[in-house]
Amino acid sequence: MWLGLAFLSAFFLGCYDINKKMSVHNNAVIPVLFLNTFFCTLFLLPLYLLSRLDSSLVENTIFFVPTVDFEAHLYIILKSLIVLSSWIFGYFAVKHLPLTITGPINATRPVMTLVGALLIFGERLNFYQWIGVLLTIVSFFLLSATGKKEGINFRQNKWIFFIFIAAILGAASGLYDKYLMQRISSTSVQFWYNLYQCIMMFVILIILWYPKRKNTTAFSWKWSIILVSLFLTIADFVYFYALTDPDAMISIVSMVRRSSVVVSFIGGIFFFHEKNLKGKAIDLILIIIGMFFLYLGTK
């Protein structure tokens, strides 16, 4: 079941990537990110209130949000800091880079998670799973060559550096998720970490962006901002629930989630009319084949 949930999460994550690109295009990044955290919290608030006011309606279901102790809140705050840092770097990168570049780079994030899973959790991959991992690594080098055709130098472009930092922090978050979901309710983690992120982003908005707003890219409201939060909330909800399964392997779940690049790649073609699709398509095909081998390895 956890593998199927991982693929479902990947689909919604791809929809999230498309709308994220729409939201930050010619738009101020920090207000968009704040609204993202605000709406994510708002979407989960009914579950929290229902769990407090009339828990009988949701108790013993995946929608129940149990109370957590002070120590758990400290763990969740750390989760919020890691994710928010990843988002800040990632959103700026997505604003300045083609979606058909950022998507596949994010798809290499599970390779980092894999190394951590092997070292920290003692996870072991079989022959088919290793093939999937190696295909993902090869696809990245092909992507680097394709990016140069668009004038994107992977060594000198700071936005490439940003997306790499975002990927590293995202991998760290994935490993931390495996730890948290085995100890704290997934719905509690999701609600509180979104709330803490919203508070943090509000502080950043007021201190860093608002005083300089007239000298930077102007903010404009886009309906895609709500869709960003909606798709991310669903993707995370399914993903967190998958990790509550004791048999779930974070190395595989993270790899499968990055198959969202298939959805974002299609979005890059139809919504943003991005170029050099032939070379990127080869990279995409390798990722799909890699996902197929990962699927074979978990059967």
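The rules behind these values
- Residues numbered from 1 in each chain as written.
- Predicted model: local features only at pLDDT ≥ 70, side-chain atom pairs only at ≥ 80, totals over all residues.
- Heavy atoms only, no water.
- Phe/Tyr/Trp six-rings, centres within 6.5 Å; stacked < 30°, edge-to-face > 60°.
- Helix = DSSP H or I, 4+ residues; strand = E, 2+ residues; numbered from the N terminus.
- Buried < 20%, exposed > 50% of the residue type's maximum accessible area, 1.4 Å probe, protein only.
- Lys NZ or Arg CZ within 6 Å of the ring centre and 35° of its normal.
- Polar contact = N/O pair within 3.5 Å; in protein donor to acceptor, adjacent residues only side chain to side chain.

**As for the packing of aromatic side chains**
1) Next: Going through the model one piece at a time under the given rule, you end up with 22 aromatic pairs.
2) Next: Summarising the aromatic geometry, the rings of F34 and F202 are spaced 5.9 Å apart at their centres and angled 50° between planes, so their arrangement reads as tilted. Separated by 168 residues along the polypeptide, F34 in helix α2 (residues 29-53) and F202 in helix α8 (residues 186-209) bring together distant segments of the chain.
3) Next: Judged by its relative accessible area of 42%, F202 falls in the partly exposed class.
4) Next: Judged by centre distance (5.4 Å) and plane angle (65°), the ring pair of F38 and F39 falls under edge-to-face.
5) Next: Aromatic ring contacts, followed pair by pair, group F34, F38, F39, F202, W221 and W223 into a single cluster.
6) Next: A cation sits over an aromatic face here: K79 above Y193, 5.1 Å from the ring centre.
7) Next: Of note, R257 hangs over the ring of Y239, and the distance from its end group to the ring centre comes to 4.0 Å.

**Remarks on the environment of T216**
1) Next: The topology assignment puts T216 in the loop between α8 and α9 (224-243).
2) Next: Relative accessible area serves as the criterion here: at 41%, T216 is assigned to the partly exposed category.
3) Next: T216 sits 188 residues away from A28 along the chain, and the two C-alpha atoms are 7.6 Å apart.
4) Next: Within polar-contact distance, the side chain of T216 engages the backbone oxygen of K212 at 3.4 Å.

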